[in-house]
Structures are given as structure tokens and as C-alpha cells.
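# Summary of structural features
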Amino acid sequence: MPARNPGHPEPATVSNPAVLELYRKSRADEFGITAGEFAAILDEVARKALSLSVSVNSSSSSSVTSSSSSALSGREKREFFSRLHVEDLALARACAAGNERAWQVFMIRFREKLYDAGRQITRDDASGRELADSVYAELYGTQTREGQRRSKLFSYGGRGPLGGWLRTVLAQEYINHYRKQRRLVSLDQECEEGAQFPAATAAAITAVDERLEVAVDEALRSLAAEDRFILASYFLDERTLAEIARALSVHESTISRKVEKLTKNVRKQILKSLISMGMSRREAEEALTADARDLSLDIRASLSQDSAPVTFSNRGAKAGEGGS
């Protein structure tokens, strides 16, 4: 890596074993990022996340200031850092700093995935490749401001997979381009030229508001361990209702009712949180139409269990009545 890039936080002495382990896991040293620089990156990401969380949880209070970023305890920091995709985070920061080796790795891992995502978004191969290519300049950071390299990758915080974050960037770029074209071309002209009106496609792609990710994360983590187990089993592991019922020694119909109730309650809680963050009800409902794949949030981590699920009470279900 060239001389220290201003995009990297100032290095610090690192003695925390947990941070050093995350540094080892991130493989940041392969891209010339020191342990001190990596520790500073982690602190920066934590401050931004806490600042957003504080604004969400205290929207009606004027007593909380930005200085609250120091409120994270050592345990809370360790828990937060343990959920980060540190290898993706290190790669993104190294790419943003212009490290050639990091860009080689990035291109191998994500070039074709970006083209695939572009095709899915535009519904056309050539347009999809053009869309993917158009974001490279922003990702690479060809522009500078006050002598500092400006790369969109600096905004990636590692809270979800880098691939999901990149897909969101593509979707946002497509929406911006579509809106710009709509301002330049009149409806009458489109009708005369027999345009196909790609509005339905553009409307279906929603750039994910970070508030939605915070609301989803909080809603899922607030659930009881057993409820998180059920949702993870059904939606992520694609286990059948009968399989989940057998695991919990209850009847399949009990799980069916539980899944329906949980999804309704989670949606209601997310909607309530979004409104408390300043969205109108209409904006909140529109935000909930976002494709889950566009969330940079790690849904599985939000539903992860601290312990084995506690079984239901046998009330309402006969012993051994778990088969399909």
C-alpha cells in the first residue's frame, strides 16, 4: 500500500485480544492495514452505528447528544464487533484507500456478481453491464476532495455482507438515472416514441433506508429465543412446519399459527419504529416493500440464538403429537 492514505483513521496501539483476533480474522494485514488502523476503523463504525441508534431510540428527547458515542460499554462493543463482516470491511476500506491487491481480490469476488445484479435490476444484459460499470468510478474513488480520495466504499460499515451492500448501491444508481431521465423526457415524447415505460421495474427497486435496517434488527433481536428459532428455521433454513414442530415437540398447526402471528407482530413493530424515526406511515409502508436481499443487515445474525430454544408448554398439544 502507498504511504498512509488520509481515508484511514489514525493508527493506535492495540492490546485488546478481542480486537487483535478480529484483525487476524479480517486479513487486513494482507492489504497493508495495521492493527492500529483497523482498531480505529472499528471504533469509527461503532460510533456511527451508536449515533444512529441513539437518534432512533431518543427521537423525542433533546437531552441526548452526539457525545453519547462513548456510552458503549466494553461488552457492548465486543458484541457489536463480533457481528461485523470484518473481512468484507477490511477489503472495502483497503479498496477505498487504493490498494491494488485489494482491488484484485474485489474484482475476482464481485465483478461477475455486480453484472448479474445489474441484469436483474435492468432486465437487460447490456444495460445491466453498463449499470455495473457506471458505479466503478464511485467505488474506486477517482475524485478527490481537499486532497483526500473519495470512494463510496468508505460508507460501508460491515454490518451486512458487502455483496448485499453493493446490490443496494446498484439499485440506487439505477433509480437516480431513471429519475433523471424522467425529468429530461416528457410523457408526450415517450408516447410518440412508443416507450415501454420501465416505471414498474424502477418502482420495484427500493433503495434501502438505513432506518429500515435498524428497525428490522431491533425487532428481530427483541423476540424471545424460541420465536427467533422458529423464524430462522422457517424463512432462512427453509425447514417445513412439520420439521419445526417435531423439533419443539408440538403440533404442526401450532407452528403454523405461531409463524403467522410472529410475522404480523414483527411487521407491526418495524412499522412503529420507522414512524418513530420520522417517517410518515406511507413512507414506512413503502420502506417495508424493500427486497430483503437489498438489506446490508445480516438477518441470520439478528435471529441468532444465545442458547438452545426452550420448548413450548404442552398445553394445547398432546404428547407425541408432532408428526405431520
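Scroll up a little and you will see the structure.
Okay, so let's go over this structure.

Let's shift gears to helix H4 (residues 86-96). For H4, a buried count of 10 out of 11 residues is recorded, marking the element as mostly surrounded by other parts of the structure. In the segment just after H4, Gly98 is the residue with positive phi, at about 90°.

This part takes up the environment of Ala102. Locating Ala102 in the fold gives a position in helix H5 (residues 100-122). Residue classification places Ala102 among the buried positions, given a relative accessible area of 0%. For Ala102 and Gly32, which are 70 residues apart along the polypeptide, the C-alpha to C-alpha distance reads 9.5 Å. Setting aside anything within four residues of it in sequence, one finds Ala102 in contact with Phe31, Leu91, Ala94 and Cys95.

Here helix H12 (residues 241-248) crosses helix H13 (residues 252-276) at 110°, and the two axes come no closer than 8 Å. Taken together, the axes of H12 and H13 are roughly perpendicular relative to one another. On the side of H12, the interface is formed by Leu241, Ala242, Ile244, Ala245 and Leu248, while H13 contributes Glu252, Ile255, Ser256 and Val259. Considered class by class, the residues forming the contact of H12 with H13 number 7 nonpolar, 1 polar and 1 charged.

Turning to the pattern of salt bridges, a few remarks are in order. Considering all chains together, one arrives at 14 salt bridges under this definition. Salt-bridge contacts for Glu21 lead to Arg24; the nearest nitrogen and oxygen are separated by 2.5 Å. A residue pair is termed a helical-turn pair when its members lie 3 or 4 positions apart in one helix, as Glu21 and Arg24 do in helix H1 (residues 17-26) at 3 residues. By relative accessible area, which is 53% here, Arg24 ends up exposed. Among the salt bridges present, the one from Lys264 reaches Glu260, with a minimum N-O distance of 3.5 Å. Of the two residues, Lys264 and Glu260 both sit in helix H13, 4 residues apart, roughly one turn of that helix. You can call Lys264 exposed: its relative accessible area is 52%. On the accessibility criterion, Glu260 (45% relative accessible area) is partly exposed. Salt bridges sharing partners connect three or more residues here, namely Arg27, Glu30 and Glu87.

Rules behind the numbers
Residues numbered from 1 in each chain as written. Predicted model: local features only at pLDDT ≥ 70, side-chain atom pairs only at ≥ 80, totals over all residues. Heavy atoms only, no water. Buried < 20%, exposed > 50% of the residue type's maximum accessible area, 1.4 Å probe, protein only. Helix = DSSP H or I, 4+ residues; strand = E, 2+ residues; numbered from the N terminus. Contact = heavy atoms within 4.5 Å. Axes fitted to C-alpha atoms, helices over the stretch in contact; angles between N-to-C directions. Parallel < 35°, antiparallel > 145°, perpendicular 65-115°, else oblique. Nonpolar A, V, L, I, M, F, W, Y, C, P; charged D, E, K, R; others polar. Salt bridge = Lys/Arg side-chain N within 4 Å of Asp/Glu carboxyl O.

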